[in-house]
Amino acid sequence: VLGVAAALRLPAAPYISQDCNAGRRAPRAPERPPPSRRDWNDFIRLVQNAHGQIAAPVTSQLATGDIKALCAARAAAATDQIRDVAATGSRRCLVELGAREGRVATALADLGFGRTYLVDRDHPTSDEARATRGERVTADLRHFDVAALTDASCVVAKHVCGVAMDYSVRMVARARPEVFAFAPCCYFSCEYDAYPGRELLAELGVCRDARDFDMLKKLTQWGPNQFSPTTEAAGRWAMDLIDAGRVDFLRRSGLDAAALPYADARLALDGALECTLLVGWRPPDADADAAAVSPWDTYQDENGTPYYHNRETGETAWTLPGES
């Protein structure tokens, strides 16, 4: 069995590009004192106002009952919606990020993908994992370049936490597969530098710097009555805003993207359980519009000479890469 597992493990090197999904380091803001109770109350009002400006997912409802049964229903609902999205593509190649045992790939096996990759930093050796069909790739999502898999038509992820979800979002924005479906969780472990939705949150007046973002992350762990009854929904607002920033980034990158609810938001008040799916498709005219969504922005130096800056990688060049 060990020989078979080793034979299925792909060499990591072709798919590794150092920090390709890390984003760019945010400008460092002046130090500010820790937030006071008044700061928190003011911030909650900002978050509530910003939440009213986004198209937040409409909460779907599950039947009330035993929490274990509700969580099982939530997990099954996530897989079902990922399956529905995956079925809309060409089914050439499935890539599961943060795959572990490969349960999502197993649930999608009957869709008939021509090839399946299971990507994770470490791979379990359980019987369940060994039985999962697919080629295992050992890689940190921060450095994994899914675009190197030229036939990768569908990218999925479930229970990929915090910053690793943001690496995944940046990854598909660069690779632009036919379709993707992600179930985020553990919003409190996001990192400001890697988070791709900073532009939207700044426009909404919620996050000026890393300190504000840390407050937003903290809110995702708040349940009812943290400070007062008015904060009961604050955790949900915060998670919706973080996902809205991700969707906005994907749309700015030329993908059709949305956040779709699949479970009762009451199961996600601590920021660890997801209830929203991030989905997206490459538009039919994506190839024709590729230049319009190039990551390269044009600037001029003090002498008026143009130069180019890649907003995704932070690279700067005097000539536009790809042009002769």
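Please refer to the structure higher up on the page.
Here the structure is a predicted model, which is why all the values come from computation and not from measurement.

Draft legend 1. Structural view of the overall build of the protein. From N to C terminus, the protein includes nine helices and 11 strands. Taken across its 324 residues, the protein has 48% of its residues classed as buried. Here the contacts in the protein between residues at least 6 apart in sequence split such that 68% fall between residues at least 24 apart.

Draft legend 2. Examining the packing of helix H2 (residues 37–51) against helix H8 (residues 210–219) more closely. Remark: H2 packs on H8, axes separated minimally by 11 Å, with the N-to-C direction vectors making an angle of 80°. When the axis of H2 is compared with that of H8, the two are roughly perpendicular. Contact with H2, carried on its side by Asp 39, Trp 40, Phe 43, Ile 44 and Val 47, involves Arg 211, Asp 212, Met 215, Leu 216, Lys 218 and Leu 219 of H8 and no other residues of that element. Broken down by class, the residue content of the contact of H2 with H8 amounts to seven nonpolar, no polar and four charged.

Draft legend 3. A look at the environment of Ile 54. One can find Ile 54 in the loop between H2 and helix H3 (67–86). Judged by its relative accessible area of 16%, Ile 54 is buried. Considering only alpha carbons, one finds Ile 54 and Gly 245, 191 residues apart in sequence, at a separation of 9.7 Å. Those residues in contact with Ile 54 that lie beyond four places of it in its chain are Leu 204, Asp 240, Leu 241 and Ala 244.

Draft legend 4. Representation of H8 within the structure. Buried residues dominate H8, accounting for seven of its 10 residues. For H8, the full list of buried residues reads Arg 211, Asp 212, Phe 213, Met 215, Leu 216, Lys 217 and Leu 219. Against H2, helix H7 (198–203) and helix H9 (234–252) lie the buried residues of H8. For H8, the capping residue at the N-terminal end is Asp 209, with a side-chain oxygen 3.1 Å from the backbone nitrogen of Arg 211.

Draft legend 5. Quick peek at the pairing of strand S2 (residues 93–97). In terms of burial, S2 is largely enclosed, as five of its five residues are buried. Relative to strand S3 (residues 115–120), S2 runs parallel, the two sharing five bridges. What sits directly across from Leu 97, in S3, is Val 119. By the bridge criterion, four bridges tie S2 to strand S5 (residues 154–161) in an arrangement that is parallel.

Draft legend 6. Structural context of the packing of aromatic side chains. Counted under the stated rule, the structure contains five aromatic pairs. Measuring from centroid to centroid gives 6.3 Å for Tyr 15 and Phe 144, while their planes differ by 50°, and the two rings are tilted. On the criterion of sequence distance, the pair formed by Tyr 15 in the loop between strand S1 (9–10) and H2 and Phe 144 in the loop between strand S4 (135–138) and S5 is long-range, its members being 129 residues apart. Like Phe 144, Tyr 15 is buried. For the ring pair Trp 40 and Phe 43, a centre distance of 6.3 Å and an interplane angle of 85° mean the geometry is edge-to-face. Taken together, the positions of Trp 40 and Phe 43, both in helix H2 and three residues apart, correspond to about one turn of that helix. Grouping residues by exposure puts Trp 40 and Phe 43 together as buried. Taken together through their ring pairs, the aromatic side chains of Tyr 192, Tyr 195 and Phe 213 make up a single cluster. The positively charged end of Arg 170 is found above the aromatic ring belonging to Phe 249, 5.3 Å away from the centroid.

Draft legend 7. Region of interest: H2. Taking 1.5 Å as the rise per residue, H2 with 15 residues should run 21 Å; its terminal C-alpha atoms sit 21 Å apart, in good agreement. Looking only at H2, the buried set comprises Trp 40, Phe 43, Ile 44, Val 47, Ala 50 and His 51. Each buried residue of H2 lies within a common arc of 125° when the element is viewed along its axis, so the set occupies one face. Away from its buried face by more than 90 degrees, H2 exposes Arg 38 and Arg 45. Residues of H2 that are buried make contact with H8 and H9.

Draft legend 8. Broad picture of the pattern of salt bridges. According to the stated counting rule, one finds 20 salt bridges in the structure shown. Arg 32 is paired through a salt bridge with Asp 209; the nearest N and O atoms lie 2.8 Å apart. Residue Arg 32 is found in the loop between S1 and H2, and its partner Asp 209 is found in the loop between H7 and H8; the two are separated by 177 residues along the sequence. Under the relative-accessibility criterion, Arg 32 is labelled partly exposed at 27%. A relative accessible area of 8% means that Asp 209 is categorised as buried. One salt bridge in this structure joins Asp 166 and Arg 246, with 2.7 Å as the shortest N-O distance.

Draft legend 9. The nonpolar core, seen in detail. Ranked by internal contacts, the top residues of the largest apolar core, which has 32 residues, are Val 95, Leu 97, Phe 144 and Phe 182. Ranked by the residues each element gives to this core, the list is headed by helix H6 (residues 162–175), at seven residues. Here Phe 182 is in contact with Leu 97, Val 155, Val 156, Ala 157, Met 165, Ser 168, Val 169, Val 172, Thr 276, Leu 277 and Leu 278, once residues within four sequence places are set aside. By size, the runner-up hydrophobic cluster in this structure holds 27 residues, among which are Tyr 192, Tyr 195, Phe 213 and Leu 219.

Rules behind the numbers
Each chain carries its own residue numbering, running from 1 in the direction its sequence is written. The model is predicted, so local features are restricted to residues of pLDDT at least 70 and side-chain atom pairs to those at 80 or more, both for listing and for counting; the totals for chains, interfaces and linings are taken over all residues. Based on all heavy atoms of the structure, the side-chain values leave hydrogens and waters out of the count. Each helix corresponds to a stretch of at least 4 residues labelled H or I by DSSP, and each strand to a stretch of at least 2 residues labelled E; elements are numbered beginning at the N terminus. Only protein chains enter the accessibility calculation, which uses a 1.4 Å probe. A residue is then buried if its area is under 20% of the maximum for its type, exposed if over 50%, and partly exposed in between. The criterion used for residue contact is that any of the two residues' heavy atoms lie within 4.5 Å. The convention used is that axes are lines fitted to C-alpha atoms, helices contributing only their stretch in contact, and that angles between N-to-C directions extend from 0 to 180 degrees. Roughly parallel here means an angle under 35 degrees, roughly antiparallel means over 145, roughly perpendicular means 65 to 115, and every remaining angle is called oblique. Under the convention adopted here, Pro, Cys and the residues Ala, Val, Leu, Ile, Met, Phe, Trp and Tyr are nonpolar, Asp, Glu, Lys and Arg are charged, and Gly plus all remaining residues are polar. By the criterion applied in these results, polar contacts are pairs of N or O atoms within 3.5 Å in which, for protein atoms, one can donate a hydrogen and the other can accept it, and in which residues neighboring in sequence qualify only through two side-chain atoms. Pairing between two strands requires that DSSP report at least two bridges joining them. Here the aromatic set is Phe, Tyr and Trp, taking the six-membered ring for Trp, and pairing holds for ring centres within 6.5 Å; pairs whose planes are under 30 degrees apart are stacked, those over 60 apart are edge-to-face, and all others are tilted. Charge over a ring is defined by NZ of Lys or CZ of Arg lying within 6 Å of the ring centre and within 35 degrees of the ring normal. To estimate how far a helix should reach, multiply one less than its number of residues by 1.5 Å. This arc is built from the directions going out from the helix axis to the C-beta atoms. Definition used for salt bridges: Asp or Glu carboxyl oxygen within 4 Å of a side-chain nitrogen of Lys or Arg. Residues enter a nonpolar core if they are buried and are Ala, Val, Leu, Ile, Met, Phe, Trp, Tyr or Cys, with the set joined through side-chain atoms within 4.5 Å.

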